[in-house]
Amino acid sequence: MFTVYVLAITLISALAVLRTVFKRIRSNSIAHLRGPKPSSWLVGNLPALQRSREAGDAEFAWTKEFGNTMAIKGVMGREILMTGDPKALQYILNTSGYNFPKTKSGRVLLELLTGNGIIWAEGAQHARQRKMMNPAFSFGALRIFLPLFRHTSQRTVARLKAELSKSNGTSSVFDILPWLGRTTLDAIGIAGFDYQFGAIEQGSSNKLVQAYDNLFMDAFMERPDSLIIWEGVMDWVPQWIAALLLNIPTKFLKRVHKYMKVALGVAKDVNDRQKAIHSMGKEGSKDIMSILLRANLAENPKDRLSDGEVLSQLTTLFLAGYETSATALTWAVYELARNREYQTLVRDEIKATRTQATRRGDDELSVADLDSMKYLLSLIKETLRFHSIVPAIERKSKRDDVIPLSTATTTKKGEIVTDISIPAGQKIIISILTYNRLKSVWGDDADVWRPERFIDGSVKQGINMGVLANLASFSSGVRGCIGVIEMQAILIELVENFEFSPPPGDVKILRALAGLVTPVVEGSTDRRSRLPVTITSI
């Protein structure tokens, strides 16, 4: 029965795909642009892009040969515009953002990982969800979140010191990634929902930690051709066929469904708790969830978020709080361990800033204090640039359009063009990895981790890409500010209390591509993200 079911879906999908491919062939194309030779008609250049030894290997090589903007091949010969050009990125993501929605396959993956939340939504639905979410991310919330992040970080410090004492010493090697994951999960639990996940104390026994453990490596590392084709087909088939394809019990889908079941269960517990508080007439806390519920209840009933949409906002925050923040912090610790002199600069800066706060009568650092710490902030900026967590973003054009370029590109015929004409439905891969290594933006040493570039004026002013130092790898707006403050608060507690250095032996860390750019130990065979680092108590 299952075989017949799969064959039927396959046949219908094939007919839908062939119809779409035929339409694509007849439409205007970007075939005049140069680009790398595909490995096959069926999967194009995508295996090279998604299964490189390290994140960016393919993009960096292609950029050297073809420039910042090129044409690559996707599933069944589909032409894909790939660009890391600053002006193109600004036009697609900011200037004409709603004219470049996410691809269907991209939205399917987001729905699997987060539900129908704000990063999944498009158009009017996105605008409605954003309206509901904005009050929960006001600048006034920054002052409230900072002590919550600090207290959570202090719990992690205490646990690490307890582990060090068990080894009868002040120094030991830790895999810092899970520790930071638990820290960021508990931080978003308190700041986001006034909810104690208890991940720091419970460790790997926590059910949400278990659900997220190695999720992206399990689901996205070294994607096989079958998964690449599956994602490509999703862009072409009708929605009802896409829904059927999501029920095929593949290893990938089973892993993601298992995680989402746990995440939704915890989200429902959080939501029920908050609704119970409001039903008793209580104001609730100043956390994101309480503010969201109050804003939602104040809206016209027809504009309110449904329970399903509210749960999706929670699962989105879970994922952002655990995976992206923890991974970014892990790369920051990695660079601190490798650059001990800069680590000392950051530690001395923290000490000096605390001294200034004490002199004015404050026991704790303020948001303004954090903003004044140039070495710490430059550490975060450079880590987000050099170790971009999200390697690329996919979009498609809603209409025929012309994309402007900062740097002219050369066509197959040798023509120099400063913009690219595209047809409606054109798939675009925005390479964040490429943009974050452009020498025209970041200086001639863009391929080197050097945070001083944000202090000495090496970064060239130009296109405005976002809230933090023109970095495309970090979200824009107040949500991005909150993410930065979380990183600052956690790093301050860690650097004040510990010294970080590389582990003994010749341990090489690779920047693995598994949906996100995550650290793995070269030569390891267990397909796990990890970052071993020597931690010494100060």
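Residues numbered from 1 in each chain as written. Predicted model: local features only at pLDDT ≥ 70, side-chain atom pairs only at ≥ 80, totals over all residues. Heavy atoms only, no water.

Within the protein chain, the regular secondary structure consists of 22 helices and 11 strands. Counting the 538 residues in the protein chain, one finds 56% classified as buried. For the protein chain, the proportion of contacts with a sequence separation of at least 24, taken over those separated by at least 6, is 75%. Entry remark: accessible area of the protein chain is about 23,100 Å², with carbon and sulfur atoms responsible for 55%. (Helix = DSSP H or I, 4+ residues; strand = E, 2+ residues; numbered from the N terminus. Buried < 20%, exposed > 50% of the residue type's maximum accessible area, 1.4 Å probe, protein only. Contact = heavy atoms within 4.5 Å. Areas by Shrake-Rupley, 256 points an atom, 1.4 Å probe, with all protein chains shown as cover.)

Time to look at the sheet that holds strand 2 (residues 79–83). Spatial strand order, 1-2-7-4: 4 strands in an open sheet with mixed pairing. Here the strands that pair on one side only, and so sit at the sheet edges, are strand 1 (69–73) and strand 4 (392–396). If you compare each strand with its neighbour and ignore which way they point, the axes differ by 25° on average. Pairing of strand 4 with strand 7 (residues 427–431), which is carried by 5 bridges, proceeds in the antiparallel orientation. Paired with Ala-392 across the bridge in strand 7 is Ser-431. Taken strand by strand, helix 3 (residues 57–66) contacts strand 1, strand 2 and strand 7, and its axis lies near 120° from that of strand 1. (Pairing = 2+ DSSP bridges. Axes fitted to C-alpha atoms, helices over the stretch in contact; angles between N-to-C directions.)

It is worth spelling out the sheet that holds strand 3 (residues 171–175) at this point. Strand order in the open sheet formed by 3 strands is 3-11-8, with antiparallel pairing between adjacent strands. Edge strands, defined here as strands with exactly one partner in the open sheet, are strand 3 and strand 8 (498–501). Strand-to-strand twist in this sheet, taken as the mean axis angle between neighbours without regard to direction, amounts to 35°. Sheet topology note: the strand 8/strand 11 (residues 532–537) ladder contains 4 bridges and is antiparallel. When the sheet's bridge partners are listed, Phe-498 is paired in strand 11 with Ser-537. Packing of helix 16 (residues 307–338) onto the sheet brings it into contact with strand 8 and strand 11, and relative to strand 8 it is tilted by some 80°.

A separate point is helix 19 (residues 374–386). Spacing of three or four residues puts side chains on the same side of an α-helix, whose turn is 3.6 residues. With 13 residues, helix 19 should cover 18 Å at 1.5 Å per step; its first-to-last C-alpha distance of 18 Å lies within 8% of that length. Summarising burial for helix 19: 11 of the 13 residues are buried, a large majority. Turning to helix 19, its buried residues number three or more, namely Leu-376, Leu-377, Ser-378, Leu-379, Ile-380, Lys-381, Glu-382, Thr-383, Leu-384, Arg-385 and Phe-386. (Expected span 1.5 Å × (residues − 1).)

Moving on, we come to empty space enclosed by the protein. Tallied over the entire structure, the rule returns 3 cavities of 30 Å³ or more. There is about 80 Å³ of room inside the largest cavity. If you go around the largest cavity, the residues you meet are Leu-46, Gln-50, Ile-80, Ser-105, Ile-228, Glu-231, Gly-232, Glu-394, Lys-427 and Ile-429. Mapped onto the lining of the largest cavity, the elements with two or more residues apiece are helix 2 (46–50), helix 12 (225–234) and strand 7. Here the lining of the largest cavity gets 3 residues from one element, more than from any other, and that element is helix 12. Here the lining of the largest cavity is composed, by residue class, of 4 nonpolar, 3 polar and 3 charged. Taken together, Leu-146, Arg-150, Arg-354, Glu-364, Leu-365, Leu-370, Ala-489, Ile-492 and Glu-493 make up the full set of residues lining the second largest cavity. (1 Å grid on protein atoms, 1.4 Å probe; cavity = no way out; pocket = protein on both sides within 12 Å on 5 of 7 lines; lining within 4 Å. Points joined across faces, edges and corners; volume = space filled by probe spheres on them. Nonpolar A, V, L, I, M, F, W, Y, C, P; charged D, E, K, R; others polar.)

As a further point, take the packing of aromatic side chains. Applying the stated criterion to the full structure yields 15 aromatic pairs. Relative to Phe-318, the ring of Phe-197 has its centre 5.5 Å away and its plane inclined at 85°; by these criteria the two rings are edge-to-face. A residue pair is termed long-range when its members are at least 10 positions apart, and Phe-197 in the loop between helix 8 (176–193) and helix 9 (199–202) and Phe-318 in helix 16 qualify at 121 residues. Exposure class is identical for Phe-197 and Phe-318. Each is buried. (Phe/Tyr/Trp six-rings, centres within 6.5 Å; stacked < 30°, edge-to-face > 60°.)

As a further point, take the environment of Asp-307. Within the secondary structure layout, Asp-307 lies in helix 16. What makes Asp-307 partly exposed here is its relative accessible area of 47%. Between the alpha carbons of Asp-307 and Asn-271 there is a distance of 8.6 Å; along the sequence they are 36 residues apart. In this view, Asp-307 contacts Asn-271 and Lys-275; residues no more than four positions away in its chain are not counted.

Moving on: unusual backbone geometry. Phi is positive for Asn-214, close to 60°, though the residue is something other than glycine. Its identity as a non-glycine residue notwithstanding, Arg-527 has a phi of 55°, on the positive side. Secondary-structure assignment places Arg-527 in the loop between strand 10 (516–521) and strand 11.

Right, let's talk about the pairing of strand 5 (residues 401–410) for a bit. Here strand 5 pairs with strand 6 (residues 416–422) via 6 bridges, running antiparallel. Bridging across to strand 6, Val-402 finds its partner in Ser-421. Hairpin connection between strand 5 and strand 6: a loop of 5 residues separates the two successive antiparallel strands, and Gly-414 in this loop has a positive phi of roughly 85°.

Next up on the list: the layout of surface pockets. The space that makes up the second largest pocket amounts to roughly 390 Å³. Together, 23 residues line the second largest pocket, and Leu-177, Asp-213, Asn-214, Tyr-322 and Arg-528 are the ones closest to its centre. Grouping the constituent residues of the lining of the second largest pocket by class yields 11 nonpolar, 7 polar and 5 charged.

Moving on, we get to the pattern of salt bridges. Counted by the stated rule, this structure contains 33 salt bridges. When the shortest N-O distance is used, the salt bridge between Arg-527 and Glu-222 registers 3.3 Å. Of this pair, Arg-527 sits in the loop between strand 10 and strand 11 while Glu-222 sits in the loop between helix 11 (215–220) and helix 12, placing them 305 residues apart in sequence. Note that Arg-338 and Glu-335 form a salt bridge whose closest N and O atoms lie 3.0 Å from each other. Taken together, the residues span about one helical turn, with Arg-338 and Glu-335 both in helix 16 at a distance of 3 residues. Beyond isolated ion pairs, a larger network of salt bridges with shared partners links Glu-382, Arg-385, Asp-445, Arg-450, Arg-453 and Asp-456. (Salt bridge = Lys/Arg side-chain N within 4 Å of Asp/Glu carboxyl O.)

In short, the description is geometric, and any link to function would need to be established separately.
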